[in-house]
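Now for the letters of each chain:
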Amino acid sequence: QVQLVESGGGLVQPGGSLRLSCAFSGRGLRGFSIYAMGWHRQAPGKQRELVAGITSGGSTEYVDSVKGRFTISRDNAKNTVYLQMNSLKPEDTAVYYCAAESPITRQTYWGQGTQVTVSS
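## Observations regarding the packing of aromatic side chains
Part 1: Applying the stated criterion across every chain, the model contains 2 aromatic pairs.
Part 2: Between phenylalanine 24 and phenylalanine 32 the ring centres are 5.2 Å apart and the planes differ by 65 degrees, which places this aromatic pair in the edge-to-face class. Of the two residues, phenylalanine 24 and phenylalanine 32, both sit in the buried class.
Part 3: Grouping aromatic residues by their ring pairs yields a cluster made of Phe24, Phe32 and Tyr35.
Part 4: Lying across the ring of tyrosine 97, arginine 48 places its NZ or CZ 3.8 Å from the centre.

## Things to note about the side chain of serine 102
Part 1: With respect to the helices, strands and loops of the structure, serine 102 is situated in the loop between β9 (94–101) and β10 (108–110).
Part 2: Classification of serine 102 by relative accessible area gives buried; the value is 3%.
Part 3: Residue contacts for serine 102: discarding those within four places in its chain leaves Tyr35 and Gln107.

## Describing the sheet that holds strand β1 (residues 2–7)
Part 1: Here we have 4 strands laid out as an open sheet, ordered β1-β3-β8-β7, and antiparallel in their pairing. Two strands bound the open sheet, and with one partner strand each, they are β1 and β7 (70–75). Taken pair by pair, the neighbouring strands of this sheet meet at an average axis angle of 15 degrees, ignoring direction.

## Some remarks on the pattern of salt bridges
Part 1: For the structure on display, the rule yields 5 salt bridges.
Part 2: The partner of arginine 41 in a salt bridge is glutamate 49, and the shortest N-O contact between them spans 2.7 Å.
Part 3: Under the relative-accessibility criterion, arginine 41 is labelled buried at 6%.
Part 4: The class of glutamate 49 is partly exposed, set by a relative accessible area of 30%.
Part 5: Close ionic contact of arginine 106 with glutamate 101 constitutes a salt bridge, the shortest N to O distance being 3.0 Å.
Part 6: Look at glutamate 101 and you get partly exposed, because its relative accessible area is 29%.
Part 7: Each of Arg41, Glu49, Arg69 and Asp92 takes part in salt bridges that share partners, so that together they form one network.

Criteria and thresholds
Residues numbered from 1 in each chain as written. Predicted model: local features only at pLDDT ≥ 70, side-chain atom pairs only at ≥ 80, totals over all residues. Heavy atoms only, no water. Phe/Tyr/Trp six-rings, centres within 6.5 Å; stacked < 30°, edge-to-face > 60°. Buried < 20%, exposed > 50% of the residue type's maximum accessible area, 1.4 Å probe, protein only. Lys NZ or Arg CZ within 6 Å of the ring centre and 35° of its normal. Helix = DSSP H or I, 4+ residues; strand = E, 2+ residues; numbered from the N terminus. Contact = heavy atoms within 4.5 Å. Pairing = 2+ DSSP bridges. Axes fitted to C-alpha atoms, helices over the stretch in contact; angles between N-to-C directions. Salt bridge = Lys/Arg side-chain N within 4 Å of Asp/Glu carboxyl O.

These figures capture arrangement, not role.
As structure tokens, then:
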């Protein structure tokens, strides 16, 4: 099984920055490096949405609302994926979840989530 643990959430003022981290561990078939990773978020009363994703090869994608402000990256040596969030807006307030998808089984694993609140 794969375990994901997020950290780095908190309260920040509009225009501020946060960096989320997601540590990957467990008995994945071939380890962190082959998994596609993503950050999703869910605001109260809204559906969960994909915010940013990164493939095993390093290709990235972003939802339009965060393009130019958020950056997803991965460090395969540390089994960690990051989400750098700049110029935060109140509408970015949500619980942020890390996800890992196995390229072999297509199973998706989820972290427990970390709260991000953008408010003055």
